[in-house]
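Observations on the model geometry
Okay, here's what each chain looks like letter by letter:
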Amino acid sequence: MKKFVIIALFILLTGVTSFSQTKKTPVKTSAIIPIKESSEISEIEWNEIAKTLEAENWSKSALLSSIALKKLKTENDKKQLASLRYFYLYSLAGKVQTKTATFAEFDKISQAFIGKEFLMPSRQILTDCTEKVNYICAVKNDVLSLRVTATNKTATSILFFEYLQLDAPFDFSANNEKKAFLGGKLLKIESDLKNNMRIIRLFFEEGNVEITK
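The helix and strand inventory of the protein stands at 5 helices and 9 strands. For the protein, the succession of helices and strands along the chain, N to C, is β-β-α-α-α-α-β-β-β-β-β-α-β-β. Long-range pairs, those at least 24 residues apart, make up 62% of the contacts in the protein with a sequence separation of at least 6. Accessible surface, the protein: about 12600 Å² in total, of which carbon and sulfur atoms supply 53%.

With that settled, consider the packing of helix 1 (residues 43–54) against helix 3 (residues 80–97). Direction vectors running N to C along helix 1 and helix 3 enclose 25°, while the axes themselves pass 12 Å from each other. When the axes of helix 1 and helix 3 are compared, the pair comes out roughly parallel. For the pair helix 1 and helix 3, the crossing hand works out as left-handed. Facing Trp46, Ile49 and Leu53 of helix 1, the residues of helix 3 in contact are Gln80, Ser83, Leu84, Phe87, Tyr90 and Ser91.

Before going further, it helps to spend a moment on the confidence of the model for the protein. Across the protein, the average pLDDT comes to 86, with 83% of residues at 70 or higher. Here strand 1 (residues 16–19) stands out as the least confident element of the protein, with mean pLDDT 28; strand 3 (residues 117–119) is the most confident, with 98. Scored below 50 in pLDDT, residues 1–33 makes 60 contacts in the model with residues more than four places away or belonging to other chains.

Glancing now at the nonpolar core. The biggest cluster of nonpolar side chains holds 43 residues, and the ones touching the most others in it are Leu84, Phe106 and Phe160. Elements represented by at least two residues in this core include exactly helix 1, helix 2 (58–71), helix 3, helix 4 (103–110), strand 6 (142–151), strand 7 (158–166), strand 8 (179–194) and strand 9 (197–211). Broken down by element, this core gets its largest block of residues, 10 residues, from helix 3. Those residues within four positions of phenylalanine 106 in sequence are excluded, and the remaining contacts are Leu89, Leu92, Ala93, Val96, Phe160, Ile189 and Ile200.

This brings us to the packing of helix 3 against helix 4. Between helix 3 and helix 4, the shortest axis-to-axis distance is 9 Å and the interhelical angle comes to 165°. With respect to helix 4, the element helix 3 is oriented roughly antiparallel. At the point where helix 3 passes helix 4, the crossing takes the left-handed sense. Only Phe103, Phe106, Ile109 and Ser110 of helix 4 make contact with helix 3, whose side of the interface consists of Tyr88, Leu89, Leu92, Ala93 and Val96.

Applying the stated criterion across every chain, the model contains 1 disulfide. With a sulfur-sulfur separation of 2.0 Å, cysteine 129 is cross-linked through a disulfide to cysteine 137. Across the S-S bond of cysteine 129 and cysteine 137 the torsion is about -95°, and the bridge reads as left-handed. For cysteine 137, a relative accessible area of 1% corresponds to the buried category.

Let us now look at the environment of serine 145. Locating serine 145 in the fold gives a position in strand 6. As a C-alpha pair, serine 145 and phenylalanine 170 span 25 residues in sequence and 8.2 Å in three-dimensional space. Those residues in contact with serine 145, other than ones at most four positions away along the chain, are Ala138, Val139, Leu164 and Gln165. In terms of polar contacts, serine 145 uses its side chain to reach the side chain of aspartate 142, at 2.7 Å. Looking at serine 145, its side chain comes within polar contact range of the side chain of glutamine 165, at 2.9 Å.

Here lysine 185 shows up in strand 8. Owing to a relative accessible area of 26%, lysine 185 belongs among the partly exposed residues under this scheme.

On to the packing of aromatic side chains, then. Applying the stated criterion across every chain yields a total of 12 aromatic pairs. Pairing phenylalanine 106 with phenylalanine 160 gives two aromatic rings, centres 6.2 Å apart and planes at 50°, and the pair type is tilted. Placement of phenylalanine 106 in helix 4 and of phenylalanine 160 in strand 7 is noted, with a sequence separation of 54 residues between them. One aromatic cluster is present, built from ring pairs that chain together Trp58, Tyr86, Tyr90, Phe103, Phe106 and Phe160. Note that lysine 188 overlies the ring of phenylalanine 203, its terminal NZ or CZ placed 4.9 Å from the centroid. The side chain of arginine 198 reaches across the aromatic face of phenylalanine 103, ending 4.4 Å from its centre.

Rules and cut-offs
Each chain has its residues counted from 1, following the order in which its sequence is written. This being a predicted model, a pLDDT of at least 70 is required before a residue's local features are given, and a value of 80 or more before pairs of side-chain atoms are given or counted; all residues contribute to the totals for chains, interfaces and linings. Side-chain metrics in this entry use all non-hydrogen atoms of the structure; hydrogen atoms and water are not considered. Secondary structure elements follow DSSP: runs of H or I of four or more residues count as helices, runs of E of two or more count as strands, with numbering from the N terminus. In this analysis, two residues are considered to be in contact whenever any of their non-hydrogen atoms come within 4.5 Å of each other. Using a 1.4 Å probe, the Shrake-Rupley method yields the accessible areas, and only the shown protein chains count as cover for residues. Only the stretch in contact is used when fitting a helix axis, every axis being a line fitted to C-alpha atoms; angles between N-to-C directions are given from 0 to 180 degrees. An angle counts as roughly parallel when it lies under 35 degrees, as roughly antiparallel when it exceeds 145, as roughly perpendicular when it falls between 65 and 115, and as oblique in every other case. Crossings are sorted by hand: turned counterclockwise from the far helix by less than a right angle, the near helix makes the crossing left-handed, and turned clockwise it makes it right-handed. What pLDDT reports is the predictor's confidence in each residue, on a scale of 0 through 100. For our purposes a nonpolar core is just a set of buried Ala, Val, Leu, Ile, Met, Phe, Trp, Tyr and Cys residues, chained together by side-chain atoms within 4.5 Å. Think of it in three bands: residues with accessible area under 20% of the maximum for their type are buried, residues over 50% are exposed, and the middle band is partly exposed, with areas taken using a 1.4 Å probe on protein chains only. Disulfides are defined as cysteine sulfur pairs within 2.5 Å. The term polar contact refers here to a pair of N or O atoms within 3.5 Å; inside protein, the definition further demands a hydrogen-donor-capable atom paired with an acceptor-capable atom, and it admits residues adjacent in sequence only when both atoms are side-chain atoms. We call Phe, Tyr and Trp rings a pair once their centres come within 6.5 Å, taking the six-membered ring for Trp, and we label the pair stacked below 30 degrees between planes, edge-to-face above 60, and tilted otherwise. When the NZ atom of lysine or the CZ atom of arginine is within 6 Å of a ring's centre and also within 35 degrees of its normal, the charge is said to sit over that ring.

Pasting the structure below:
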């Protein structure tokens, strides 16, 4: 799975004021170059998004992901659009946890993604997830669900609890310690406050698991 990025160009033409003997007429014009649509985000652009995510520069990764989403209007065979949706919400969740954005802002943006396809980054499968984060885990007493506790790099802040509903049971024993991509449609988002920390839960339906070699 390739990783990508995009560069946005913004040009603001500030006002020019002209004067005459009879009157003053301020004239102000502004123009923004529209983002050009594309069928694919380049590897260079994708890698830039990946770098900002790795650095946990949430504001920049959110910006770059949102620009890429506007550029890529339709899905391609690399599932870039589905991946970008996840990157964008992940970045916004990072901003919520670092107090650079409110949950209300996150909620407003994320609601537009309900019913949309998501592709999560590759993670390792574990049969025993006791005190583990950032792994693909079983859901207790539910053979048709998988879960992930997605955190920052130091595991000091939980960004998401992710729950994926499958159409058929998943064989954890046969796939233990393998890596996989999870995908599905965003069904709903739930949130509450615990110990003054915002807990965000993402629920996906029509889930699928792609084992990587």
